[in-house]
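# Coordinates in review
Chain by chain, the residues run as shown.
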Amino acid sequence: MKITALGTGDAFSADRYSSCLLVEEGDTRLLIDCPHPIRKILKESTKGRVDVGDIDALILTHLHADHASGVEGFAWFCRFALHKKARICAHPGVLEHLWGQVQGSMSELLHVDDDNKPHHRSRLEADDVFDTVPLTSSMKIGVFDVESRLTIHHIPTTALFFRGQRDTFGYSADTAFDPELIAWLARGDVVAHETNFGAHTPYAKLRDLPAELRKKMRLIHWPDGFDIDHDGAIAVLHDGDTIELQAT
Ligand SMILES: [Zn+2]
């Protein structure tokens, strides 16, 4: 399994892209969250190795803009450049609001004639652009067994747990400090956990975790400047960092 931190910033980051990840094994490439501009983020953080056309499915943890602002561009690129629908896996509580989030800009298309003059308009519905798959608590996506679990956040948000051929990876997504969630994630060979202010997980809570767990934990969604004078008790992910586990 190979995990790439495509973006590691929070909603207000001026230094890094918003948090999103690429999880790969064998022929399966899963994009975890999709901030704008996702093609540029993919290009820079994978050094040109992976583009939207290489992604098997986008797993959306939730609909906050720093995690989902690139969905429209992702879906248009799938439609106009790849001639397919955007495959999006998310919790039913996320899918319920997905179309509503982009409807104002995606529901109508202008078609022009050979002289570039307006010819007619057509209507689009969610099913025209999205191939949605509701996440269940445990399901197969490509080579991965993917488990999901709601976190403590403003809107429906899912943490994710990936089981590959031999390795496992847990991702907290956005959440307040939740010992039960951390116990669920701790089964992973590697765990990416968010930290930030307000309703997010305070770093002090993670720093108090057992050393064995901290050793395999990586911090994501951290505020700008957090890495300056960081005490190093838990390693910090930066944009473009990769974690390669043995079976890849
Ligand atoms: Zn959020």
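Our subject in this report is the structure included herewith.

Rules of the game
- Residues numbered from 1 in each chain as written.
- Predicted model: local features only at pLDDT ≥ 70, side-chain atom pairs only at ≥ 80, totals over all residues.
- Pairing = 2+ DSSP bridges.
- Helix = DSSP H or I, 4+ residues; strand = E, 2+ residues; numbered from the N terminus.
- Axes fitted to C-alpha atoms, helices over the stretch in contact; angles between N-to-C directions.
- Buried ≥ 20, exposed ≤ 12 C-beta atoms within 10 Å, placed from the backbone.
- Core = buried A, V, L, I, M, F, W, Y, C linked by C-beta atoms within 7 Å.
- Contact = placed C-beta atoms within 7 Å.

### What to know about the sheet that holds strand β1 (residues 2-7)
Taken in spatial order, the seven strands make up an open sheet running β8-β5-β4-β3-β2-β1-β16, and their pairing is mixed. Edge strands, defined here as strands with exactly one partner in the open sheet, are β8 (130-134) and β16 (242-244). Strand after strand, the sheet turns through a mean of 20 degrees between neighbouring axes, direction not considered.

### Focus: the pairing of strand β5 (residues 86-90)
Here β5 lies mainly inside the structure; four of its five residues are buried. In the sheet, strand β4 (residues 57-59) pairs with β5 via two bridges, with the strands oriented parallel. Of the residues in β5, the one forming a bridge with Ile59 is Cys89. As paired strands, β5 and β8 are joined by five bridges and run parallel to one another.

### Re unusual backbone geometry
Following His36, the chain continues to Pro37 via a peptide bond in cis, the omega torsion being -5 degrees. Along the polypeptide, Pro37 turns up in the loop between β3 (28-32) and α1 (38-45). If you check the backbone angles, Asn116 has positive phi at about 65 degrees while not being a glycine. Looking at the element boundaries, Asn116 is found in the loop between β6 (108-112) and β7 (118-123). With 7 C-beta atoms packed within 10 Å, Asn116 lands in the exposed category.

### Considerations on the nonpolar core
By size, the foremost hydrophobic cluster in this structure holds 61 residues, and its most contacted members are Leu21 and Leu58. Not counting residues up to four positions away in its chain, the partners in contact with Leu21 are Ile3, Thr4, Ala5, Leu6, Ile32, Tyr171 and Ala192.

### Concerning the sheet that holds strand β12 (residues 168-171)
Pairing is mixed across the open sheet formed by seven strands, whose spatial order is β9-β10-β11-β12-β13-β14-β15. Edge positions in the sheet fall to β9 (138-141) and β15 (235-236), since each of these pairs with one other strand and no more.

Note that all results are geometric; they support no functional claim without further evidence.
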